[in-house]
Amino acid sequence: MAELLGTFEQLVLLAVVRLDEDAYGRSVLREMEQTFVRTRSVAAGAVYATLDRLEQKGLLKSRLAEGTPARDGRKRRFYRLTAHGSAALNEAKSTLESGWRSCSWPLEVL
Amino acid sequence: MKTIAPPNTMQQLLLALLPANSRETISGDLHEAYVERHRQSGSFSADAWYVLQVLSFLPRGCIDAYAHNPLLALVCCFTAASGAWLGTMSILLRHQHLVQSESIAGTIAAQGLLTLAVLPLRRIRMLRWVALAGCLPVLYLAAGALYSTLHSTDTEGYILLISLALIVQSVLTWIAMFRTPKTTITA
């Protein structure tokens, strides 16, 4: 079994999947805030550190694109899931699902 | 029309904390988000959000800086702790020249902490010069203490150790500050 992804890593990868062609730093951050962590703002430092780590692990690949006036002309880095990334995300989901299979959900609060 | 832009100081801080390869893209992303937030919720909310986001890069900036200069970070921790220990002992032992010994201990601890604080932000030229200037009194203290210890009949081991650590810290600080990448940010 490959190294299991952390929850935050899975959320970042899922944001990249959901955004498809439009997955760059700002949009990933917004997707994380609007879809997954609705109660508070997400720390950009944590998101970018995770994106970097996932790219180093080969789960994401990135390309640079030209900037827009809204960002003062500064370049954008777009991310895409690699085949290795898809496999890791699938494995993380199936591992969690098999773990939950024998438990009734939601768990009883003792 | 007034241009909407994040606070300049925080932009400089962000650029100082980011590695060269992601400086443009990340600062652009946050600029874009800032403008959007400014239009939706006003300048106070956008400024507060931007400050928090910039500060969220601080842990990573510190880890990177200390990983690049592990010996300097270690020596700074040692001298800062030594300064605190010397100061505490002077008070506990009711040292005769309390003000003088507290000043020496304070200078040693302050320079250790200052160097640790400046390391991740060393791309800001002014901070770099502050750290370098702080080396001078510390070197003066270390040289004086080393000289009197070596010329004394009863050698104080801890003074020798702290003096040597301060000299190593000063030399490593100068090397680290002058080795800083050329993309210097003026502040």
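### Some thoughts on the overall build of chain B
Assigned secondary structure in chain B consists of eight helices and zero strands. The helix and strand sequence of chain B, counted from the amino end, reads α-α-α-α-α-α-α-α. Against the globule reference of 16 Å for 187 residues, chain B gives a C-alpha radius of gyration of 21 Å, more extended than a compact globule. In terms of overall dimensions, chain B has C-alpha extents of about 75 × 35 × 25 Å along its principal axes. Relative to its 187 residues, chain B shows a buried fraction of 32%. In chain B, 69% of the contacts between residues at least 6 apart in sequence involve partners at least 24 apart.

### Brief notes about the overall build of chain A
Helix and strand counts for chain A stand at four helices and two strands. Structurally, chain A occupies a C-alpha span of about 55 × 30 × 20 Å along its principal axes. Within chain A, buried positions represent 30% of all 110 residues. Sequence-distant contacts in chain A: of pairs separated by 6 or more residues, those separated by 24 or more amount to 47%.

### A few points about the interface of chain A and chain B
Each partner contributes residues to the interface: chain A has 18 residues there, and chain B has 18 residues. Broken down by secondary-structure element, the contributors of at least two residues to the side of chain A that touches chain B are α2 (25-36), α3 (44-56) and β2 (76-81) of chain A. If you tally residues by element for the side of chain A that touches chain B, the top one is α3 of chain A, at five residues.

### A short note on the domain arrangement of chain B
Under the domain assignment used here, chain B contains domain 1 (8-56) and domain 2 (68-178). A separation of 35 Å is found between the C-alpha centroids of domain 1 of chain B and domain 2 of chain B.

### Some points on the packing of helix α2 (residues 23-41) of chain B against helix α3 (residues 43-55) of chain B
Residues and elements named next belong to chain B. It is the contact of α2 with α3, at a shortest axis distance of 7 Å, that shows an interaxial angle of 150°. Our classification of the angle between α2 and α3 gives roughly antiparallel. The two elements α2 and α3 cross, and the hand of that crossing is right-handed. Taken together, the residues of α3 that come into contact with α2 (itself represented by L30, Y34, R37, H38 and S41) are S43, S45, A46, W49, Y50 and Q53.

### Comments concerning helix α4 (residues 83-101) of chain A
All names here are of chain A. Between the first and last C-alpha of α4 there are 27 Å, a value that for 19 residues agrees with the 27 Å anticipated at 1.5 Å per step. Residues of α4 that are buried: G85, A88 and A92. End-on view of α4: buried residues confined to an arc of 65°, all on one side of the axis. Exposed residues pointing more than 90 degrees away from the buried face of α4 are listed as A83, N90, S94, E97, S98 and R101. In this structure, the buried side of α4 is in contact with α1 (7-19), β1 (60-65) and β2.

### Quick word on helix α6 (residues 98-118) of chain B
Residue and element names in this part refer to chain B. For α6, built from 21 residues, the straight-helix expectation of 30 Å at 1.5 Å per residue is met to within 8% by its first-to-last C-alpha distance of 29 Å. Of all the residues in α6, the buried ones are I104, A105, I108, Q111, G112, L114, T115, L116 and V118. Looking at the buried positions of α6, the neighbouring elements they touch are α5 (70-92), α7 (125-150) and α8 (157-178).

### A short note on the nonpolar core
By size, the foremost hydrophobic cluster in this structure holds 49 residues, and its most contacted members are V12, V16, V28, V47 and L51 of chain A. A domain-level breakdown of this core finds at least three residues from each of domain 1 (8-56) and domain 2 (68-178) of chain B. Residues within four places of V16 of chain A in sequence aside, it is in contact with A23, V28, L60, Y79 and L81 of chain A. Residues A105, I108, V138 and L166 of chain B belong to the second largest nonpolar core, which totals nine residues.

### Considering the environment of A65 of chain A
Residues and elements named next belong to chain A. Mapped onto the elements, A65 comes out in strand β1. Counting along the chain gives 12 residues from A65 to R77, while the straight-line C-alpha distance between them is 6.2 Å. Residues within four places of A65 in sequence aside, it is in contact with K75, R76 and F78.

Criteria and cut-off values
Residues numbered from 1 in each chain as written. Chains lettered and ligands numbered in written order. Predicted model: local features only at pLDDT ≥ 70, side-chain atom pairs only at ≥ 80, totals over all residues. Helix = DSSP H or I, 4+ residues; strand = E, 2+ residues; numbered from the N terminus. Rg over C-alpha atoms; globule rule 2.2 N^0.38 Å. Buried ≥ 20, exposed ≤ 12 C-beta atoms within 10 Å, placed from the backbone. Contact = placed C-beta atoms within 7 Å. Domains from an automatic or database assignment. Axes fitted to C-alpha atoms, helices over the stretch in contact; angles between N-to-C directions. Parallel < 35°, antiparallel > 145°, perpendicular 65-115°, else oblique. Left-handed = near helix turned anticlockwise from the far one by under 90°. Expected span 1.5 Å × (residues − 1). Arc of directions from axis to C-beta. Core = buried A, V, L, I, M, F, W, Y, C linked by C-beta atoms within 7 Å.

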